[in-house]
Amino acid sequence: MVSGSSAGVLAFEDRQYSLPELDAWADALAAALAADGVTAGDAVALMSSNRPEFVVAVRAIWRLGAVAALISPAWKRDEVAHALALAQPRYALGDQAVLAELMPMRHLDELSAELPPGTWRSDPPPAGADALLVFSSGTTGLPKAVRHTHSSLAAAVRHWRDALELTAADRIQVATPPSHILGLLNILTVLSLGAWVRLHRRFDIDTMLRTIAADRITVEMAVAPIALAIAAHPDLEAFDLSSLRYIMWGATPVTAAVADTVTRRTGVPFVPAYGTSELPVIACNPVGAARLDTVGRPVPGVQLRVVDLETGAQSALGMPGEILVRSESLMAGYLPAEANAEALRDGWFHTGDIGYLDDDGWLRITDRCKEMIKVRGFQVAPAEIEAVLHEHPAVVDCGVFGVPDAGDGEAIVAAVARRAPVSDAELCALVGDRLASYKRLRRVVFVPEIPRLPSGKLLRRLLKERLWMSG
């Protein structure tokens, strides 16, 4: 279990909470959950917006030795129902109506009122016990649950702390969803150090920039949309960013022109890093000597290999191949368990990313051999969107792929063969109504047919090359 010192502070809007206050709050909630029948090993669904009660809920769940199953607040009914079917939670906490519609839920607003006084004293759960389920889609098209133990999370926190040279003196802010591994990792790491973190209800660029000055933020944790918003702000020079040591860029590949623009206008450098839900911290640039053309070197404690896609043999330096990693921070596995064979072999996690190591050990990521689309750091499975499109009576066949996008990392494009008239707006609305906003279609292209093998396998890469690479 990740713990923290008494000096740590969580700030939210006009309130600040010390770690002793958070712990007392978590004790009271743990006692209430135990009274409701939650015991060690139970999964507890948690679907929450950014708020202090999210942190309290996670700490309370862990006090019981239960497992926090984090569901994105952006998800809609079908997505949440699938997550619940995988996690099989005994109990639910949250502030989203869609979760309450699917199972009985204790609303987080109840935590804002005074819980009955309660203390919870128990032995810490075993290091190898499951602590967390986060969801990351696979090539099968539906989200998988990534299982992390208390020990794998603790290792990830240590790796993140050391790679970014974070100390108790640092002050950060979190505007990304804590249900995503990056947002959660930032919160856990800062509180474990006894440092200071502000949690924002939502991302707003002006609020974020003003907060850097007002709170004397020392490290800004950015994903591509945040970095792009900073670079594009017309009055960026008017904000006092002098407290920042650097801006971390994670979740999507760095757009060098955007990073350079921010540094030129503010003097604040970037530190690119690379990780996945399954192994949260893989590589990071050195603080004070970061480069934008690489995600850095593997962090201490993480072993990394690059292997030939055809033979599986280790690639020579400078030669691209699939990136394989292993570490004590690696997940315990997936739910459903049959998904493990795809990604876990002989203790190595197959990332599905293609890259190469140069002569000095710097890692460059060039492509992905998986078919996943990465939007704002979220993994989007093309097959999930295709399944929705196939439900429309006018759609004969379809194929979905991602194309580069400066703001979101990738934009989602659907190629559709139709049997009857249907507009691109109608199909975009269908997907938008059924799936989370980050899975929305940016463009629909109508084509005579979708290329497939005789076996029925969609030739997604060929489709993308025909429609996109040909210009």
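Residues numbered from 1 in each chain as written. Predicted model: local features only at pLDDT ≥ 70, side-chain atom pairs only at ≥ 80, totals over all residues. Heavy atoms only, no water.

Participant: Looking at this model, I keep getting lost on the packing of helix H6 (residues 150–163) against helix H7 (residues 181–193). Mind explaining?
Facilitator: Working note: a packed helix pair is described by the angle between its axes plus the distance between those axes. At a closest axis distance of 9 Å, the pairing of H6 and H7 adopts a crossing angle of 80°. Classified by the angle between their axes, H6 and H7 sit roughly perpendicular to one another. Across from Ala156, Val157, Trp160 and Arg161 in H6, the residues of H7 making contact are Leu182, Leu185, Asn186, Leu188, Thr189, Ser192 and Leu193. (Axes fitted to C-alpha atoms, helices over the stretch in contact; angles between N-to-C directions. Helix = DSSP H or I, 4+ residues; strand = E, 2+ residues; numbered from the N terminus. Parallel < 35°, antiparallel > 145°, perpendicular 65-115°, else oblique. Contact = heavy atoms within 4.5 Å.)

Participant: What am I meant to see in the side chain of Arg460 here?
Facilitator: Position of Arg460 relative to the elements: it lies in helix H14 (residues 460–469). What makes Arg460 buried here is its relative accessible area of 11%. For Arg460, the contacting residues outside a window of four places in its chain are Glu371, Pro382, Glu386, Val400 and Phe401. (Buried < 20%, exposed > 50% of the residue type's maximum accessible area, 1.4 Å probe, protein only.)

Participant: Any chance you could explain the pairing of strand E2 (residues 15–18) here in plain terms?
Facilitator: On any regular strand, side chains alternate: one points to one face of the sheet, the next to the other face. Where strand E1 (residues 9–12) and E2 come together, four bridges link them in antiparallel fashion. Its bridge partner being in E2, Leu10 is matched across the sheet by Tyr17. (Pairing = 2+ DSSP bridges.)

Participant: Quick question: what am I supposed to make of the pattern of salt bridges here?
Facilitator: It is possible for side chains of opposite charge to pair when their charged atoms get near one another. Summed over all chains, the structure comprises 31 salt bridges. Residues Asp42 and Arg90 are paired through a salt bridge, measuring 3.5 Å at the closest nitrogen-oxygen approach. Residue Asp42 is found in the loop between helix H1 (19–35) and strand E3 (43–47), and its partner Arg90 is found in the loop between helix H3 (77–87) and strand E5 (91–94); the two are separated by 48 residues along the sequence. With a closest N to O distance of 3.0 Å, Asp405 and Arg442 form a salt bridge. Highlighted residues: Asp405 in strand E24 (residues 395–405) and Arg442 in the loop between helix H13 (424–434) and strand E26 (443–446), separated in sequence by 37 residues. A single network of salt bridges, built from pairs that share partners, joins Arg376, Asp405, Asp408, Arg440 and Arg442. (Salt bridge = Lys/Arg side-chain N within 4 Å of Asp/Glu carboxyl O.)

Participant: I'm lost on the sheet that holds strand E13 (residues 270–274) in this one. Help?
Facilitator: The pairing of strands in a sheet comes from backbone hydrogen bonds and takes either a parallel or an antiparallel form. The strand order E11-E12-E13-E14-E15 describes an open sheet built from five strands, whose pairing is mixed. Looking at strand neighbours, the two that pair on one side only are strand E11 (219–222) and strand E15 (297–298), the edges of this open sheet.

Participant: How do you make sense of the packing of aromatic side chains when you look at a structure like this?
Facilitator: To describe a pair of aromatic rings, one takes the distance between the centres and the angle between the planes. Per the stated rule, a full pass over the model turns up four aromatic pairs. Consider the rings of Trp249 and Phe270, whose centres lie 5.7 Å apart with planes at 55°: the pair is tilted. Remark: Phe270 occurs in strand E13 and Trp249 occurs in strand E12 (residues 246–249); sequence separation between them is 21 residues. Since its relative accessible area comes to 1%, Trp249 is described here as buried. For Phe270, a relative accessible area of 5% gives the class buried. Relative to Tyr438, the ring of Phe378 has its centre 4.3 Å away and its plane inclined at 15°; by these criteria the two rings are stacked. Of this pair, Phe378 sits in strand E23 (residues 378–380) while Tyr438 sits in the loop between H13 and E26, and the two are 60 residues apart along the sequence. (Phe/Tyr/Trp six-rings, centres within 6.5 Å; stacked < 30°, edge-to-face > 60°.)

Participant: Explain the confidence of the model for the protein here, please?
Facilitator: Low-confidence regions, as indicated by low pLDDT, have predicted coordinates that should not be scrutinised in detail. Looking at the protein as a whole, its pLDDT mean stands at 90, while 93% of the residues score no less than 70. Within the model, pLDDT remains below 50 along residues 1–6, and this stretch shows 21 contacts once partners closer than five positions in the same chain are excluded. (pLDDT = per-residue confidence, 0-100.)

Participant: I would appreciate a short explanation of the sheet that holds strand E9 (residues 171–174) in the present structure.
Facilitator: Strand order in this open sheet of four strands is E2-E1-E10-E9, and the pairing throughout is mixed. One side of each edge strand has no neighbouring strand; the edge strands of this open sheet are E2 and E9. The average undirected angle you get between the axes of adjacent strands in this sheet is 20°. In this fold helix H8 (residues 205–215) packs onto E9 and strand E10 (196–199), with an angle of close to 155° to the strand it touches most, E9.

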